[in-house]
Amino acid sequence: MVALNPPLCNFGQPAIDFDLPGTDGKRHTLASCRGPNGLLVMFICNHCPYVKAIIDRLIRDCRELAGHGIGCVAIMSNDVAAYPEDSPEAMRRWATELAFPFPYLYDENQDVARAYGAVCTPDFFGYNAGLELQYRGRLDASGRNPAPPEAHRELFAAMAEIARSGRGPSEQTASIGCSIKWKTA
């Protein structure tokens, strides 16, 4: 498994529209997912040890970010033929089992991941109310294993600041995770 770091934030880059099916049986768009103060777009998957290490904290942070007017959405873009544990049915089970407080969407043709420039799971894109990119960092100091409980909540703090001021922190530490599993031609 290759661990990758996405590039750091390209401040002001506009969010890219999408229209994808969710594990809830509905279609979701950029407009339907955004909150009044911004949007967190997360590329995750079921099988990645980096995602598994943070999923409980991510759920907690997304629940709390809703109170700050930040919408959250998770997108799964891996090749499910090669990684059946990321299949739509497995996604549905995981989202239900963990009571995801955000839509979990399936990017079957991988167009959304490519448009965003997603590199790994997890990969976070934090937007302000104008849907301008302000954060492309990590959740916290977790890697393949969870960080200590007292670890600084980097993503949460950044998104709360974006909700308040419209600007993300100038210092950001890149996320780390498994590469997106691209389909072969």
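Description of the structure in this document. (Residues numbered from 1 in each chain as written. Predicted model: local features only at pLDDT ≥ 70, side-chain atom pairs only at ≥ 80, totals over all residues. Heavy atoms only, no water.)

1. Observations concerning the pattern of salt bridges
Next up, step 1: For the coordinates displayed, the defined rule picks out 10 salt bridges.
Next up, step 2: Its salt-bridge partner being Glu 64, residue Arg 153 comes within 3.0 Å of it at the nearest N-O pair. Residue Arg 153 is located in the loop between strand S9 (133-135) and helix H5 (154-165), and its partner Glu 64 is located in helix H2 (residues 49-66); the two are separated by 89 residues in the primary sequence.
Next up, step 3: When salt bridges with common partners are traced through the structure, they connect Arg 60, Asp 61, Glu 64 and Arg 153 into a single cluster. (Salt bridge = Lys/Arg side-chain N within 4 Å of Asp/Glu carboxyl O. Helix = DSSP H or I, 4+ residues; strand = E, 2+ residues; numbered from the N terminus.)

2. Points about the environment of Tyr 135
Next up, step 1: Of note, Tyr 135 is situated in strand S9.
Next up, step 2: In this structure the C-alpha to C-alpha distance between Tyr 135 and Thr 173, which are 38 residues apart in sequence, comes to 9.7 Å.
Next up, step 3: One polar contact links the side chain of Tyr 135 to the main-chain carbonyl oxygen of Arg 138, over a distance of 2.7 Å. (Polar contact = N/O pair within 3.5 Å; in protein donor to acceptor, adjacent residues only side chain to side chain.)

3. Things to note about the sheet that holds strand S5 (residues 70-76)
Next up, step 1: Reading across from one edge, S6-S5-S4-S8-S9 is the order of the five strands in this open sheet, with mixed pairing throughout. Strands at the two margins of the open sheet, each flanked by one partner only, are strand S6 (104-106) and S9. The sheet shows a mean angle of 30° between the axes of neighbouring strands, direction not considered.
Next up, step 2: As paired strands, strand S4 (residues 38-43) and S5 are joined by six bridges and run parallel to one another. Paired with Val 41 across the bridge in S5 is Val 73.
Next up, step 3: Sitting on the sheet, helix H3 (residues 88-97) touches S5 and S6, and the angle it makes with S6 is about 180°. (Pairing = 2+ DSSP bridges. Axes fitted to C-alpha atoms, helices over the stretch in contact; angles between N-to-C directions. Contact = heavy atoms within 4.5 Å.)

4. Overview of the nonpolar core
Next up, step 1: Counting residues in each nonpolar core, the largest one holds 35 residues, and the members touching the most others are Leu 40, Met 42, Ile 44, Phe 100 and Tyr 104.
Next up, step 2: When contributions to this core are tallied by element, the ones reaching two or more residues are S4, H2, S5, H3, S6 and H5.
Next up, step 3: At eight residues, the largest contribution of residues to this core is made by H2.
Next up, step 4: With 21 residues, the next largest nonpolar core counts Leu 30, Val 41, Ala 118 and Phe 125 among its residues. (Core = buried A, V, L, I, M, F, W, Y, C linked by side-chain atoms within 4.5 Å. Buried < 20%, exposed > 50% of the residue type's maximum accessible area, 1.4 Å probe, protein only.)

5. A short note on the pairing of S4
Next up, step 1: In terms of burial, S4 is a largely internal element, six of the six residues being buried.
Next up, step 2: For the crossover from S4 across H2 to S5, the handedness is right-handed.
Next up, step 3: Sheet topology places S4 next to strand S8 (residues 123-127); five bridges connect them, and they run antiparallel. Bridge pairing links Val 41 to Phe 125 in S8. (Right-handed = clockwise from strand over helix to strand, strands pointing away.)

6. Quick look at the packing of aromatic side chains
Next up, step 1: A full pass over the atoms with the stated rule returns seven aromatic pairs.
Next up, step 2: Measuring from ring centre to ring centre gives 5.6 Å for Trp 94 and Phe 100, while their planes differ by 70°; the resulting arrangement is edge-to-face. This pair shows no difference in class: Trp 94 is buried, exactly as Phe 100 is.
Next up, step 3: With a centroid separation of 5.4 Å and an interplanar angle of 75°, the aromatic rings of Tyr 116 and Phe 125 are classed as edge-to-face.
Next up, step 4: Owing to a relative accessible area of 2%, Phe 125 belongs among the buried residues under this scheme.
Next up, step 5: Members of the aromatic cluster, joined through ring pairs, are Phe 43, Tyr 116, Phe 125 and Tyr 127. (Phe/Tyr/Trp six-rings, centres within 6.5 Å; stacked < 30°, edge-to-face > 60°.)

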